[in-house]
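Residues per chain are reported as follows:
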Amino acid sequence: MKSLTSRRARAVVVAIAAGSLALTGCSENKGTDSKENTKDDQKAAAAQAKPVTYADAAASNGPAEEVPGAKPGGTIQVYQEQGLSHLDPGQIYVSDAGQVSNLMFRGLTNFEEDGKGGVAVVGDLATDSGQSSDDGKTWTFKLKDGIKDENGNEITSADIRHTIERTYAKFIFDGPTYLQTWLSGPTYREALPDGGFGNKHLPDDVLETPDDKTVVFHFDTARPDLPQTLAMPGYSIVPEETDTKEKYDKAPVSLGPYKIAEYKVGKSLKLVKNDEWDPKTDSVRHQYVDGFNFDFGVTESTQTKRLIADQGDAKNAIQLAGSVESTSIQDVISTSSVNQRTIKGYQPYVQVLNFNLDRVKNKKVRDAITYAANSKSLIAGEGGAYGGDVAPNLFAPTLPGYEPNYDPFERLKNPSGDIEKAKELLKDVPAAEKKLVFAYANSEQGQKRKVAIEDALTKVGIDVVAKEIDAASYYEQIGKVKNPYDIYISGWGQDWPSPGTVVTPVYDGDQISDGSPNYSHIKDAKVQELIKKALTQEPTEAEKTWQEAHHRILEEINPAAPLWYTKQLQLYGSNVGGARYSTESSYIDVTRLFLKS
């Protein structure tokens, strides 16, 4: 699940293990060294990491359960600092675009929340969450009747096939790759180079559409997580008839409750009601408001000031994937009338400082930087105790198998960094290897992170050359295999509650490609061997294998220095109803919002 810059991590937009968490609303911000507060928060996150359930046909029927007090009408104002990197569903793997996706697009399945931390997979376009056979190697989905796109065209199994096959095309480079690799292996593009746009298609023993209403997936091994995978925004349906390939990114076709009325890339987006959406087919979404107006380029500090003041359009406004600006958190928490208009939660993301292993080849340099990094300073920039906790390792507290005391670089003991240890490691390192290009996003948040990284590394003798990247394309730029940067901050959280959705996409050498979240370009035979082993094991058995892989990655290779775990604190206007924390997105739940008047 990607998330960008103020989108706290690369994300996992389906971070379903992160339970809804009420952070302590005390009047004193205790800062990052409040160990008891951190322990309590992590216990709450772990306690609410409930198993995901697979729902039947009855639970997948619409309409969605009514939100108490909901009224129709009005337009919600949406604030966002950077523009959307993509609107083509196949390219969506970031949190802000994932938020928009749930208003516009639909997949075979979706996540449904109970508001108490519980999450189920329901049928979205499918009649249920899927039927497995052949010991989990075959999955069959039946389509609901009467589902149409915004143009009135009914969706058939051919559209599902097209959606899957187009992800094999080269122009789709920034979305998830689970399904493609499960169906066709790590070199999946070779199986269908033109993405199904020509005469060739995936064979029926891989992807089968025996009639207009049936889709059958065939795998060479059991894939029990398929219903959760298909619920990712990156596998939302693209109708075959209206697919414009690369151009689709700027003018996609809606199947959800809202469609695009106007889109000025990087500036604004206007959504209005999609009259072809039938609530009787949708058990998750609502269509209470008339539309959403997105303003891009609104900094987090400006968002926060407007929402605290709560005047004019700000009364009807929400933050999309931004958070309360760090210096204003104390004002928000300590003012009861404002604090009542917040959503809070422990996110599943781990923010790390990636080392480009193609360029930073000396492990002493990587280890020294890991010791030197000042997590306390970085977290202060995120809002202190309300913004995050020190990360001792690469697994988040919301992830099954998390080891809270696994801290090989003593990050918990030295949250401000161990300068002397870092200097000792670097004393014999040539000067040329200590000059590093650091890429950062040109957002307010990116600037704060730049200052913290430069300060810490300069103290130990690293010559930091800072390079600014446009925030909207930040992950696209650092995601290029041949990028010109040595170090850069990224974040990742699980796509569903399994270490496999962290270790496999981020640390598997087979995943190295443009757009892949293997930002460090780690390729280690032992790690890959452990990944393959874990993927064939039951979750409880696999837990130890994942931990073994985790330990090898961090201690023996060190492709990324763990920095901090993220928390969420967002504001919304006083006229916005139905607001709650989404355990699926780690942001405000956009599917149930309405205006009170």
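Described in the following lines is the structure provided in the data block. (Residues numbered from 1 in each chain as written. Predicted model: local features only at pLDDT ≥ 70, side-chain atom pairs only at ≥ 80, totals over all residues. Heavy atoms only, no water.)

Let us look at the sheet that holds strand 1 (residues 53-54). A sheet is described by the order of its strands in space; here three strands give the open sequence 1-4-3, paired in mixed fashion. Only two strands of the sheet have a single neighbouring strand rather than two, namely strand 1 and strand 3 (109-113). When strand 1 meets strand 4 (residues 119-123), the two strands line up parallel, connected through two bridges. Each bridged residue has a counterpart across the sheet, and for Tyr 54 the counterpart in strand 4 is Val 121. (Pairing = 2+ DSSP bridges. Helix = DSSP H or I, 4+ residues; strand = E, 2+ residues; numbered from the N terminus.)

On the basis of which strands lie adjacent, the open sheet formed by six strands has the order 14-18-13-17-15-16 and mixed pairing. The open sheet has two edge strands, strand 14 (388-390) and strand 16 (463-469), and neither has a second partner. Going across the sheet, the axis of each strand differs from the next one's by a mean of 35 degrees, ignoring polarity. Two strands pair when backbone bridges link them, and strand 13 (residues 342-355) and strand 17 (residues 487-493) are joined in this way by seven bridges, in the antiparallel orientation. Paired with Phe 355 across the two strands is Ile 487, which belongs to strand 17. (Axes fitted to C-alpha atoms, helices over the stretch in contact; angles between N-to-C directions.)

Let us look at the pattern of salt bridges. Note that side chains of opposite charge can pair when their charged atoms are close. Applying the stated criterion across every chain, the model contains 25 salt bridges. For Lys 526, the salt bridge identified is with Glu 529, shortest N-O distance 3.7 Å. Here Lys 526 and its partner Glu 529 are both found in helix 16 (residues 525-534), three residues apart, which amounts to about one turn of the helix. The class of Lys 526 is partly exposed, set by a relative accessible area of 31%. (Salt bridge = Lys/Arg side-chain N within 4 Å of Asp/Glu carboxyl O. Buried < 20%, exposed > 50% of the residue type's maximum accessible area, 1.4 Å probe, protein only.)

Right, let's get into the nonpolar core. Core analysis: the largest hydrophobic core is formed by 101 residues, its most contacted members being Leu 179, Phe 217, Leu 226 and Leu 353. For Leu 226, the residues in contact, after removing those within four places along its chain, are Trp 139, Phe 141, Leu 179, Trp 182, Phe 217 and Phe 219. Membership of the second largest hydrophobic core comes to 30 residues, among which are Ile 92, Tyr 258, Ile 260 and Leu 593. (Core = buried A, V, L, I, M, F, W, Y, C linked by side-chain atoms within 4.5 Å. Contact = heavy atoms within 4.5 Å.)

This part takes up the packing of aromatic side chains. Summed over the entire model, instances satisfying the criterion amount to 19 aromatic pairs. Pairing Trp 139 with Phe 141 gives two aromatic rings, centres 6.4 Å apart and planes at 20 degrees, and the pair type is stacked. Like Trp 139, the residue Phe 141 is buried in the burial classification. For the ring pair Tyr 402 and Tyr 565, a centre distance of 5.9 Å and an interplane angle of 80 degrees mean the geometry is edge-to-face. Placement of the pair is Tyr 402 in the loop between strand 14 and helix 12 (419-426) and Tyr 565 in strand 18 (residues 560-571), with a sequence separation of 163 residues. Grouping residues by exposure puts Tyr 402 and Tyr 565 together as buried. Following the ring pairs from residue to residue traces out a cluster consisting of Trp 139, Phe 141, Tyr 178, Trp 182, Phe 217, Phe 219 and Trp 496. The ring of Tyr 79 has Arg 306 lying over it, and the distance from NZ or CZ to the ring centre is 5.2 Å. Positioned above the aromatic ring of Tyr 440 is the side chain of Lys 450, whose terminal nitrogen or guanidinium carbon lies 5.6 Å from the ring centre. (Phe/Tyr/Trp six-rings, centres within 6.5 Å; stacked < 30°, edge-to-face > 60°. Lys NZ or Arg CZ within 6 Å of the ring centre and 35° of its normal.)

Mapped onto the secondary structure, Ser 60 falls in helix 2 (residues 57-60). A residue is classified by how much of its surface remains accessible, and Ser 60, at 0% relative accessible area, is buried. Apart from residues lying up to four places away in sequence, Ser 60 is in contact with Ala 55, Val 122, Gly 123, Thr 127, Asp 128, Ser 129, Lys 144, Thr 281 and Ser 283.

Further remarks concern the environment of Pro 517. Along the chain, Pro 517 turns up in the loop between helix 15 (500-507) and helix 16. Residue class for Pro 517 comes out buried when judged on its relative accessible area of 7%.

Tallying each qualifying case throughout the model produces seven cavities of 30 Å³ or more. If you add up the space inside the largest cavity, you get close to 120 Å³. Around the largest cavity, the lining comprises 17 residues; the ones closest to its centre are Val 350, Leu 394, Trp 492, Val 502 and Tyr 507. Elements that contribute at least two residues to the lining of the largest cavity include exactly strand 13, strand 17 and helix 15. In terms of residue class, the lining of the largest cavity is made up of twelve nonpolar, five polar and no charged. As a volume, the second largest cavity reaches approximately 80 Å³. Lining the second largest cavity are eleven residues, with Ala 441, Gly 446, Arg 449, Tyr 474 and Ile 489 sitting closest to its centre. Elements supplying a minimum of two residues to the lining of the second largest cavity: strand 15 (435-441) and helix 13 (444-459). Sorting elements by how many residues they give to the lining of the second largest cavity places strand 15 first, with four residues. The residue makeup of the lining of the second largest cavity, split by class, is six nonpolar, four polar and one charged. (1 Å grid on protein atoms, 1.4 Å probe; cavity = no way out; pocket = protein on both sides within 12 Å on 5 of 7 lines; lining within 4 Å. Points joined across faces, edges and corners; volume = space filled by probe spheres on them. Nonpolar A, V, L, I, M, F, W, Y, C, P; charged D, E, K, R; others polar.)

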